[in-house]
Amino acid sequence: MGPDGRDIRNGLDRLVAGTTGLKHDGRFHEPNLDGTAGDYISFESWEWPQGVGLYGLIKLWLFTGRDDLRQLVESWYGERIAAGLPQLNVNTTAPMLGLSVLWAKTRDPRWQPVLDDWANRVMAELGRTPEGGFEHHVSDKVNHDELWDDTLYMVALFLASYGQASGRRELVDEASRQFLVHTRYLADTHTGLWFHGWTFDGRHNFAEARWARGNAWITAGLLDLFDLADLDKPVKDFLQGILVAQVDALLSLQAPSGAWRTLLDDATSYEEISATAGIGYGLLKGYRLGLGTPAWRTAGLKALRVVMDNIDETGTVGNVSYGTRMGHDLQFYKDIPIQPTGYGQALAILCLSEGLQHVGAEGQAA
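Since this is a predicted model, take the numbers as computed values, not measurements.

### Some details on the overall build of the protein
Secondary structure summary: the protein contains 13 helices and 6 strands in total. Here the protein has a C-alpha radius of gyration of 19 Å; the compact-globule value for 366 residues is 21 Å, and the two agree. Roughly 13600 Å² of accessible area belongs to the protein as shown, and the carbon and sulfur atoms make up 50% of that amount. Taking the average place of the 32 positive charges on the side chains of the protein and the average place of its 47 negative ones, the gap between the two points comes to 4 Å.

Structure below.
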């Protein structure tokens, strides 16, 4: 029996409440490089988990037309911008994706100067590796000469979205370039999965971790990239091939529960729900767009069910691994603590929203 449409809608309502109710309880102390306190949990903070969270809320607004969601996100951006934005890096760019999607729909003149300025600074100031990839600079560390999966979701999707919406083709082209450079160094030719990171200092993939959420950023990110911008045909065809190779590998690694493990190919690592939601979203969306086989949809619906089973009565998504730095051994990934986060909420919102498009007239998965 597939998920019930009413249950999915109820889950989405709870997810919104759970997202906006996130608060830092002091468990994690991660000061920024400039000495300010880092807050990767509270909804009010301008950081990458919240940025992904806002994107999820905006996508839900576009799907449902709920005016309360539009008011929520517009208030969030208005208050954060008025208070002053943080220093530019990969992760502080993440909230710009949602703002770009919001502006593309509303054309509210408040947002374009902020978007233009940030895009210009990304192009001119963000650190680069050899071959022009964006270095994974974040608020509390400069990861010199390193490429990470996460960068594509946090920066390249923003450039693609805003470039398309504003008519700035050079931004779309830069997004394409970033996906190509990252694919060259992070996609594992043996399995089709993606490694977490690459360093040009020694030229290696660190622990060669086939990390679940990093792969989810790619599965979900590639499908959203195709929506957000018109890519040149050879680039799109190439990236679609990369996506199919990755998903084919993911299908065989799905646990009986419907989840994926935090190390995809390590049966001793724990099942992780943010990655499961992102991958499930990608599988369902990819099938709907005609990119995959019925096996994509079957696996996506199994993932949707286990994601829904991990949403508690307050709308908080459980079994989400906390923000994950680059691991130099595989045990590092198994030891990442469990913590509700904005990206866990957002990836669940994306998964459930897509799931609604796969339920039949009777409210059951067709």
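### Structural notes on the pattern of salt bridges
Within the structure shown, the criterion is met by 24 salt bridges. Residue Asp-224 pairs with Lys-285 through a salt bridge whose shortest N-O separation is 2.7 Å. With Asp-224 in helix α8 (residues 212–228) and Lys-285 in helix α10 (residues 273–288), this residue pair connects regions lying 61 residues apart in the sequence. Lys-285 shares its class with Asp-224; the two are buried. The salt bridge partner of Glu-354 is Arg-288, with a shortest N-O separation of 2.7 Å. Of the two residues, Glu-354 sits in helix α13 (residues 342–356) while Arg-288 sits in helix α10, which places them 66 residues apart along the sequence. Note on Glu-354: relative accessible area 3%, which makes it buried. Classification of Arg-288 by relative accessible area gives partly exposed; the value is 36%. Where salt bridges share partners, they join Asp-13, Arg-66 and Asp-68 into one cluster.

### Considering α13
With 15 residues, α13 extends 21 Å from end C-alpha to end C-alpha; this agrees with the ideal 21 Å at 1.5 Å per step. Counting buried positions over the 15 residues of α13 gives 15, a clear majority of the element.

### Quick word on the packing of α10 against α13
Angle between the axes and distance between the axes: these two values describe a pair of packed helices. Relative orientation of the contacting elements α10 and α13 amounts to 30°, with a least axis distance of 8 Å. For the element pair α10 / α13, the angle class is roughly parallel. In terms of crossing hand, the pair formed by α10 and α13 is left-handed. On α13, the residues touching Ser-274, Ala-277, Gly-278, Gly-280, Tyr-281, Leu-284, Lys-285 and Arg-288 of α10 are Tyr-343, Gly-344, Leu-347, Ala-348, Leu-350, Cys-351, Glu-354 and Gly-355. Class assignment of the residues belonging to the contact of α10 with α13 gives a composition of 8 nonpolar, 5 polar and 3 charged.

### What about the confidence of the model for the protein?
Confidence in the prediction for the protein averages 91 pLDDT; 91% of positions are at 70 or higher. Residue range residues 28–33 is modelled with pLDDT below 50. Its contacts to residues more than four positions away, or to other chains, number 23 contacts. A low-confidence stretch, residues 361–366 (pLDDT under 50), is modelled with 19 contacts involving residues beyond four sequence positions or located in other chains.

### Focus: unusual backbone geometry
The backbone phi angle of Glu-131 is positive, close to 70°, even though this residue is not glycine. Residue classification places Glu-131 among the partly exposed residues on the basis of a relative accessible area of 37%. Within the chain, Glu-208 stands out as a residue other than glycine whose phi angle is a positive 55°. Assignment of secondary structure puts Glu-208 in the loop between β4 (197–199) and α8. The exposure class of Glu-208 is partly exposed, given its relative accessible area of 44%.

What counts as what
Residues numbered from 1 in each chain as written. Predicted model: local features only at pLDDT ≥ 70, side-chain atom pairs only at ≥ 80, totals over all residues. Heavy atoms only, no water. Helix = DSSP H or I, 4+ residues; strand = E, 2+ residues; numbered from the N terminus. Rg over C-alpha atoms; globule rule 2.2 N^0.38 Å. Areas by Shrake-Rupley, 256 points an atom, 1.4 Å probe, with all protein chains shown as cover. Lys, Arg positive; Asp, Glu negative; His and termini not counted. Charge placed at Lys NZ, Arg CZ, Asp CG, Glu CD. Salt bridge = Lys/Arg side-chain N within 4 Å of Asp/Glu carboxyl O. Buried < 20%, exposed > 50% of the residue type's maximum accessible area, 1.4 Å probe, protein only. Expected span 1.5 Å × (residues − 1). Axes fitted to C-alpha atoms, helices over the stretch in contact; angles between N-to-C directions. Parallel < 35°, antiparallel > 145°, perpendicular 65-115°, else oblique. Left-handed = near helix turned anticlockwise from the far one by under 90°. Contact = heavy atoms within 4.5 Å. Nonpolar A, V, L, I, M, F, W, Y, C, P; charged D, E, K, R; others polar. pLDDT = per-residue confidence, 0-100.

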